[in-house]
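# Results of the structural survey
Listed here are the chains, written in short residue letters.
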Amino acid sequence: MAMDKTFNAAEAEARLSEAWEKAGCFRAGANAKRSETYSVMIPPPNVTGVLHMGHAFNNTLQDILIRWKRMQGYDTLWQPGTDHAGIATQMVVERELAKDGKKRTDFSRPEFLQKIWEWKEQSGGTIINQLKRLGASCDYDRTAFTMAGAQGDTRTGHENSPNFHDAVIKVFVEMYNKGLIYRGKRLVNWDPHFETAISDLEVENIEVAGHMWHFKYPLAGGATYTYVEKDEDGNVTLEEERDYISIATTRPETMLGDGAVAVHPSDERYAPIVGMLCEIPVGPKAQRRLIPIITDEYPDKDFGSGAVKITGAHDFNDYQVAKRGGIPMYNLMDTKAHMRSDGAPYVEEAAKAQAIANGEAEFTEASIAAMNLVPEEYRGLDRFEARKRVVADITAEGLAVMQTVTKTVKDEDGNESEVSETVAYVENKPIMQPFGDRSKVVIEPMLTDQWFVDAAKIVAPALDAVKDGTVKILPESGEKTYYHWLENIEPWCISRQLWWGHQIPVWFDADGNQYCANSEEEAQKAAQISLFGKYFAGGKNTLFDFFTENGLPEQDPAEIEQFASGLWKIVPLTRDPDVLDTWFSSGLWPIGTLGWPEQTEELAKYFPTSTLVTGQDILFFWVARMMMMQLAVLDQDLPVEKRIPFDTVYLHGLVRDAKGKKMSKSTGNVVDPLEIIDEYGADALRFTNAAMASLGGVLKLDMQRIAGYRNFGTKLWNAVNFAHFNNVYDAETPAYACHDAKAAVNQWIIGETAKVRVEVDAALEAYRFNDAALGLYAFVWGKVCDWYIELSKPLFNSEDEAVIAETRQTLGWVLDQCMILLHPIMPFITEELWGNTAKRDTMLVHEDWPTYGAELVNADADAEMNWVITAIENIRSTRAQMHVPAGAKIPMVVTEFSDQARAAWEKNEAMIQKLARITTLEQVETFPKGCASVAAPGASFGLPLADVIDVDAEKARLEKTLGKLAKELGGLRGRLNNPKFAASAPEEVVAEARENLALREEEEAKIKEALARLAEIG
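Here's a quick rundown of the structure. (Residues numbered from 1 in each chain as written. Predicted model: local features only at pLDDT ≥ 70, side-chain atom pairs only at ≥ 80, totals over all residues. Heavy atoms only, no water.)

Relative to the helices and strands, Gln 630 is located in helix H19 (residues 619-633). There is a polar contact of 2.9 Å between the side chain of Gln 630 and the backbone oxygen of Gly 587. Here the side chain of Gln 630 touches Ile 591 through a polar contact of 3.3 Å, landing on its backbone nitrogen. Ignoring sequence-local partners within four residues, the contact set of Gln 630 consists of Gly 587, Leu 588, Pro 590, Ile 591, Phe 607, Arg 643 and Pro 645. (Helix = DSSP H or I, 4+ residues; strand = E, 2+ residues; numbered from the N terminus. Polar contact = N/O pair within 3.5 Å; in protein donor to acceptor, adjacent residues only side chain to side chain. Contact = heavy atoms within 4.5 Å.)

All right, on to the pairing of strand E5 (residues 181-191) then. Within E5, 9 of the 11 residues are buried, which leaves the element mostly enclosed by the surrounding structure. As paired strands, E5 and strand E18 (residues 444-453) are joined by 10 bridges and run antiparallel to one another. The residue of E18 that forms the bridge with Val 188 is Met 446. Bridge count for E5 against strand E6 (residues 196-198) is 3 bridges, and the pairing is antiparallel. Bridge pairing links Trp 190 to Ala 197 in E6. The hairpin formed by E5 and E6 contains 4 residues between the paired strands, and Glu 195 there has a positive phi angle of roughly 55°. (Buried < 20%, exposed > 50% of the residue type's maximum accessible area, 1.4 Å probe, protein only. Pairing = 2+ DSSP bridges.)

For the structure shown, the criterion picks out 5 cavities of 30 Å³ or more. Taken as a whole, the largest cavity encloses approximately 50 Å³ of empty space. Taken together, Ser 17, Trp 20, Glu 21, Phe 26, Lys 132, Gly 135, Ala 136, Tyr 140 and Phe 828 make up the lining of the largest cavity. Of all the elements, helix H1 (residues 9-22) adds the most residues to the lining of the largest cavity, at 3 residues. Of the residues assigned to the lining of the largest cavity, the class counts are 5 nonpolar, 2 polar and 2 charged. (1 Å grid on protein atoms, 1.4 Å probe; cavity = no way out; pocket = protein on both sides within 12 Å on 5 of 7 lines; lining within 4 Å. Points joined across faces, edges and corners; volume = space filled by probe spheres on them. Nonpolar A, V, L, I, M, F, W, Y, C, P; charged D, E, K, R; others polar.)

Two elements in contact, helix H21 (residues 682-691) and helix H26 (residues 827-837), have axes whose closest approach is 7 Å; the angle formed by their N-to-C orientations is 125°. Considered as vectors, H21 and H26 are oriented oblique to each other. Within the contact between the two elements, H21 uses Ala 682, Asp 683 and Arg 686 and H26 uses Pro 827, Phe 828 and Ile 829. When grouped by side-chain class, the residues that make up the contact of H21 with H26 number 4 nonpolar, no polar and 2 charged. (Axes fitted to C-alpha atoms, helices over the stretch in contact; angles between N-to-C directions. Parallel < 35°, antiparallel > 145°, perpendicular 65-115°, else oblique.)

Our focus in this paragraph is the side chain of Thr 448. Structurally, Thr 448 is set in strand E18. Assessed through its relative accessible area of 12%, Thr 448 is described here as buried. What Thr 448 contacts, discounting residues up to four positions off in sequence, is Gly 184, Lys 185, Arg 186, Val 188 and Trp 190.

With that out of the way, let us pick up the layout of surface pockets. There is about 1,100 Å³ of room inside the second largest pocket. Contributing to the lining of the second largest pocket are 43 residues, with Thr 249, Thr 250, Arg 251, Tyr 298 and Asp 315 lying nearest its centre. For the lining of the second largest pocket, the secondary structure elements donating two or more residues are strand E7 (203-218), strand E10 (244-249), strand E14 (307-310), helix H7 (316-325), helix H10 (383-396), strand E17 (426-436) and E18. Per-element accounting of the lining of the second largest pocket gives the leading share, 7 residues, to E7. When the residues that make up the lining of the second largest pocket are grouped by side-chain class, the tally is 19 nonpolar, 14 polar and 10 charged.

Across all of its chains, the model carries 33 aromatic pairs by this definition. With a centroid separation of 5.5 Å and an interplanar angle of 40°, the aromatic rings of Phe 7 and Trp 717 are classed as tilted. Of the two residues, Phe 7 sits in the segment before H1 while Trp 717 sits in helix H22 (residues 703-725), which places them 710 residues apart along the sequence. Both rings, one in Tyr 650 and one in Phe 769, keep their centres 5.4 Å apart while their planes meet at 90°; by these two values the pair is edge-to-face. With Tyr 650 in strand E27 (residues 646-652) and Phe 769 in helix H24 (residues 769-796), this residue pair connects regions lying 119 residues apart in the sequence. Summarising the burial analysis for this pair, Tyr 650 and Phe 769 share the class buried. Here the aromatic residues Phe 172, Tyr 176, Trp 451, Trp 492 and Phe 584 are joined through ring pairs into a cluster of three or more. Between the NZ or CZ atom of Arg 67 and the centre of the ring of Trp 20, over which it lies, the distance is 4.6 Å. Across from the ring centre of Tyr 244, 4.8 Å away, lies the NZ or CZ of Lys 216, which sits over that ring. (Phe/Tyr/Trp six-rings, centres within 6.5 Å; stacked < 30°, edge-to-face > 60°. Lys NZ or Arg CZ within 6 Å of the ring centre and 35° of its normal.)

Here we take up helix H8 (residues 346-357). Counted at 1.5 Å a residue, the expected span for H8 with its 12 residues is 16 Å, and the 16 Å between its end C-alpha atoms agrees. When we look at burial in H8, the residues that qualify are Tyr 346, Glu 349, Ala 350, Ala 353, Gln 354, Ala 355 and Ile 356. Packing partners of the buried residues in H8 comprise strand E13 (290-295) and helix H9 (365-370). Phi turns positive one or two residues past the end of H8, at Gly 359, with a value near 75°. (Expected span 1.5 Å × (residues − 1).)

Our focus in this paragraph is the pattern of salt bridges. On inspection of all chains with the given rule, the structure shows 57 salt bridges. In this structure, Arg 142 and Glu 602 form a salt bridge, with 3.7 Å as the shortest nitrogen-oxygen distance. A residue pair is termed long-range when its members are at least 10 positions apart, and Arg 142 in the loop between helix H5 (126-134) and strand E4 (144-145) and Glu 602 in helix H18 (residues 601-606) qualify at 460 residues. A residue is classified by how much of its surface remains accessible, and Arg 142, at 8% relative accessible area, is buried. (Salt bridge = Lys/Arg side-chain N within 4 Å of Asp/Glu carboxyl O.)

Next up on the list: the sheet that holds strand E20 (residues 492-493). Strand order in this open sheet of 4 strands is E6-E5-E18-E20, and the pairing throughout is antiparallel. Edge strands, defined here as strands with exactly one partner in the open sheet, are E6 and E20. Set on the sheet, H7 makes contact with E5 and E18; between it and E5 the angle comes to about 145°.

What follows is about the sheet that holds strand E33 (residues 939-944). Pairing between sheet strands relies on hydrogen bonds along the backbone, with the strands arranged either parallel or antiparallel. In space, the 4 strands of this open sheet follow the order E31-E30-E33-E32, with mixed pairing throughout. Taken across any chain shown, the strands that pair with only one partner, and hence form the sheet edges, are strand E31 (918-923) and strand E32 (931-936). Neighbour-to-neighbour, the strand axes of the sheet open up by a mean angle of 30°, direction not taken into account. In the packing of helix H27 (residues 859-881) onto the sheet, the strands contacted are strand E30 (890-897), E31, E32 and E33, and the crossing angle to E32 comes to about 155°.

See below:
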């Protein structure tokens, strides 16, 4: 069967992908030969997404596992699907509408959602198609979607599309009824652009140039105290009378909502004024609020002034202090992060707040939420404009902390002099600013009404499942992170103020009563029972009261029952407009995609799933929440091992560039995996991903490695072409029963194949993908393509037809094993070779995975051929070190020769002479002058080189190279020994310098070794 000279990846990949899918190779259960199942749930990419390097890496590892288990005969399922991605999808569709000059609010909610479904139908499958280009062998007929089954779904009714929406709603209702979900007011990350709460994972903390303003909060009634500062030895360094307490803030606009000023309990400077009131230095003077000075462990007395303002509604740390101290939390901003303009006049609101601060009035969460403490002159302003106004007003009033600065000025004649002036104390310093990862606007901590999961009530089983080993997290460092998050868990905000998503299944009546139900009809019936239950509970007399109160004539029992059944129609209900956080719905991914709550055949077979491969950044946001939710909602009578979503979690880090830098558009180092596939082929990218996947290691993507692994595929291709040239595939279905080979070379390579099979299986069982890949690389390139191909050539030139036939069979079998063992990592080129080398009973994707092992290793042949290879390698190495011309054939001498070494030489003399370019071997008592020594087990060889190379010229060349290298080494060592370099340089720069030093030191050692050899020669 003729083969092309090279593998055309661009043509073959599309053709093979279509063939695999058409033949149903990836369907659940395909190639199953045993009862055990192995299932993997793809971490669902956003429906708006495109393939990036993280996806390519993550899905390569999943595919390796699935293809390996499928070939082993497991009943496998790799479940694909996408997440509806609330904010991202709504943003994409709004951008599309904007092209026509329209915005979301130009449509009703149902109309806008229909636009999203239309977009999803047209463009939502992009990333799934891109996964196919990578070679991901998912069961694409089962592609799931986290909004499947919701109103407007174009997929509803598809037999392989589980109704995921119903599962999400069912879980919410059940958890609500169990008291695990509630509505409350808490501080959340608020995105003013999208006007919604967002998760921590959707917040990017970026260092920006910031300011720290220092202000005076005057003590109430003009009170004063003696402020004293001391050094470490207790000596007084400053003592003065003050009528204020100083605070520093990066967000002056939030001072309007201060509830207190806090100092550390051990801070002696402020002990005299703890419990007193101080005045917020902004707003109309007549209504300026007084707030208490309190103690709390939160303030750091060694940072700034040691006093901090507590604005519970606009800072996460302050929120905790306010909760501990019962301090009111005043919300100052609207959903667009403008200063509030609603509510009563400021004079009224300030009076209420002052009464609360004085302890003269009680307050409730609702009453505080309704209050607007923004003075009229700031109402409606953007928060950053309000900041400028607040700073200017405080400074103008003389309540900014001042400092004296000295600067140099020049007069008209150019003479310099120093002048001092007093200016407001403002520190210019870098600060970490939170930004929305999609909106790119500054995130505002905001106190809002949201829906929460009371995570503390469901966390224990998820913790126990990992602690007792039911679920394994790899690497083990991930377990510590998992424990830390779950042992300190806070309520989980699950509501978002969007239109696209699973709408909260809760309805409210006019009095604010909540009715949580699977449908509006059920909610209405619940409202009916709630509203009219007091009448029905007492029987006929109270029913008569109901009819009397409502001016209705007394009815007979039948008419009463008929009327009561329709009462729900007269209870007006309004559904909560919020939708669920996508992390809530994706928390049900393993069971929802298998058809739960229906007890489907797939659910019974493939759940719990086997391995989850995902990024370490979503260990808490997704992995832990899947654990918590499924352990909470599945039948509690089932043992925990039947309720866990998976038994193993493999965590990996971010894919970085070759220097270890995080990929980002701003630095211009983002790599598009599709461009890599276009240039190098999917197999090269996949092998690179596997080779760098060490447990817990840094993932550095090096384009040179990708090019190298493409060459690796070419090496295998050329080996198969060599086999074709030597008539290995002449028979239509060659027989490769070669385990009884007689030639030592053939026995040796059969044993090496058995060793690597065991090595690969052990590595994959332990999730050491890099060990599997690099072991195969060393075997296929080194043992097969370099050594066995070369060592087999004399056998193919033999006059003994039996030897030739045996070698053909051996080479054919070995190359088949190369294809099989490489297939999970490099599926395209191996499938192409499989189909081009013989008539096969099955495609390679469904070939049986081998189970042979140590029984194929022939110890004698192994020892003999490893001696031969070592001898040839050492001869070649010495020739290269001494710069012997590559084409020169030279004699060799030997002084020591064990019986075993001699036997190995004599059996393989022609082969060694050819591959090492040796003409003769002579045994001598001692090496003649000008000999370079060559070691081999049981033998001591020498290469007479005095008349072959110019020893003096070679010494001079190496010494010159060594001199240049010494300068380079000195510079590298100097940088790395400099503490300032190690402390200030980026981590990747330091790592690169260390790598360079190691490489240069290795080069230095080789040159010195070569010089030592030359010294031996003379």
